[in-house]
Amino acid sequence: MAIETVGVVGAGQMGNGIAHVFALAGYNVLLNDVSEASLSKALDTIGKNLDRQVSRGKITAEEKQAAMGRINTTMTLADLGQTDLVIEAATEKEVVKQQIFDALLPHLKPTTILTSNTSSISITRLASRTDRPEKFMGFHFMNPVPVMQLVELIRGIATDQETYELLHEVVRKLGKTAASAEDFPAFIVNRILMPMINEAVYTLYEGVGSVKSIDESMKLGANHPMGPLELADFIGLDTCLAIMNVLHEGLADTKYRPCPLMTKYVEAGWLGRKTGRGFYDYR
Ligand code: CAA
């Protein structure tokens with residue numbers, strides 16, 4: 001089966017990055033979100049990120065135009081029915097993802113591969129609620145999608161080999177590298193990354209260091225491209241907290257207890273870059 005048209009559900013920072021890389025690799029993309037404003041903001045972001053690649057000589061202006069021309073948008077989920085591959089990249093809440101699949105499934109052709117960009121939720125459980133658990137997979141991109149080389153591929157218990165191999169080939173066509181992860185809470189990257197970010201928040205909470213000294217320590221002392229608090233702001237504190245909760249509940253170990261300060265920031269709406277305030281002020 002050849003994949004030509006890709007549906008992306010959710011035009012936020014992951015969804016627009018996914019649409020960007022698929023369009024640049026020659027796929028036709030149908031990007032879906034619930035409002036006209038979020039779709040036009042996503043197109044604007046994709047245009048600016050492609051411009052950045054043009055100005056750095058990574059792609060030509062013609063390639064940018066061609067990529068933009070391959071992206072269409074829709075607010076109607078049913079329009080994704082005829083696509084060959086659907087990537088759900090909505091918010092990291094299981095109930096939201098399930099509602100999307102429930103609304104989408106009646107319109108989907110039988111051969112369409114269904115995937116979720118979830119960073120932590122059980123693929124087996126998400127798949128079990130669909131009519132095609134054998135064609136369902138975790139397809140986890142990293143942020144910023146156009147820059148990060150890795151894509152995690154997560155098989156649910158029922159995923160068939162053909163689906164796995166097809167997605168492996170898609171990752172190769174995107175010019176990225178696939179890492180296979182078993183279906184356990186938060187898979188590989190976030191199983192390791194999120195406890196580090198959570199520990200950085202504890203380090204701040206307990207007064208061991210300031211925001212600046214914690215981030216500088218990890219940048220200059222461990223050669224990380226971003227400090228852990230800066231990275232938490234970049235990912236979104238709501239997403240970080242949701243992943244810590246999945247780890248805490250799924251692995252039933254207190255070492256994954258989310259830091260109360262992270263919870264408090266999320267309750268305050270201080271979610272990081274996207275809301276203008278997190279550990280840093282972006283206003
Ligand atoms: N789109 C396209 N290109 C982009 C981009 C974007 N959104 N953002 C940055 N770039 C490109 C730049 O054009 C530049 O390209 P060249 O090297 O070809 O010149 C390159 O990326 C570096 O960018 P900058 O020089 O502007 O900035 P930087 O050196 O500070 O790097 C960064 C920015 C790549 C984001 C870097 O800070 C970094 O790697 N940070 C860590 C990111 C990370 O850990 N991501 C994983 C998050 S975890 C996750 O995603 C999983 C999850 O489920 C939560």
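Remember, predicted model here, so these are calculated numbers, not experimental data.

Engineer: Is there a simple way to think about the environment of Leu126 in this case?
Structural biologist: Inspection of the secondary structure puts Leu126 in helix H5 (residues 123–128). What makes Leu126 buried here is the crowd of 24 C-beta atoms within 10 Å. Each C-alpha atom of the pair Leu126 and Met68 lies 31 Å from the other, and the pair is 58 residues apart in sequence. Ignoring any residue separated from it by four or fewer positions in sequence, one finds Leu126 in contact with Lys97, Ser116, Ile121 and Phe136.

Engineer: Help me understand the site of the ligand in this model?
Structural biologist: Taken together, 20 residues surround the ligand, and among them Asn49, Ser119, Asn143, Pro144 and Pro146 come closest. Among the elements of the structure, helix H2 (36–55), helix H7 (189–205) and helix H9 (228–235) are those that each provide at least two residues to the shell around the ligand. Here the shell around the ligand is built from residues that sort into eleven nonpolar, six polar and three charged.

Engineer: Would you take a moment to explain H2 for this structure?
Structural biologist: Taking 1.5 Å per residue, 20 residues should reach 28 Å; H2 reaches 29 Å between its end C-alpha atoms and fits that length. Listing the buried residues of H2 in full gives Leu39, Ala42, Ile46 and Leu50. All buried residues of H2 lie within an arc of 65° about the axis, which places them on one face of the element. For H2, exposure combined with an orientation more than 90 degrees from the buried face picks out Ala37, Asp44, Lys48 and Ser55. Where H2 is buried, its residues contact helix H1 (13–24), strand E2 (28–32), helix H3 (61–69) and strand E3 (71–74). A positive backbone phi angle near 75° is found at Gly57, which sits one or two residues after H2.

Engineer: Where do I start with the domain arrangement of the protein in this structure?
Structural biologist: By convention, interface size is frequently given as the accessible area that disappears when the constituent parts associate. What the domain assignment lists for the protein is domain 1 (5–181) and domain 2 (190–275). For domain 1 and domain 2, the distance between their C-alpha centroids amounts to 26 Å. At the junction of the two partners, domain 1 supplies six residues and domain 2 supplies seven residues. Among the residues forming the side of domain 1 that touches domain 2, the class breakdown is one nonpolar, three polar and two charged.

Engineer: Got a minute to help me understand H7 in this structure?
Structural biologist: Helix length check: H7, at 17 residues, gives a terminal C-alpha distance of 24 Å against a target of 24 Å (1.5 Å per residue), a fit within 8%. Here H7 has its buried residues at Asn190, Met194, Ile197, Asn198, Ala200, Val201 and Leu204. Projected onto a plane normal to the axis of H7, the buried residues spread over an arc of 150° and lie on a single side. Buried residues in H7 make contact with helix H8 (211–222), H9, helix H10 (237–251) and helix H11 (260–268).

What counts and how
Residues numbered from 1 in each chain as written. Predicted model: local features only at pLDDT ≥ 70, side-chain atom pairs only at ≥ 80, totals over all residues. Helix = DSSP H or I, 4+ residues; strand = E, 2+ residues; numbered from the N terminus. Buried ≥ 20, exposed ≤ 12 C-beta atoms within 10 Å, placed from the backbone. Contact = placed C-beta atoms within 7 Å. Near = placed C-beta within 6 Å. Nonpolar A, V, L, I, M, F, W, Y, C, P; charged D, E, K, R; others polar. Expected span 1.5 Å × (residues − 1). Arc of directions from axis to C-beta. Domains from an automatic or database assignment.

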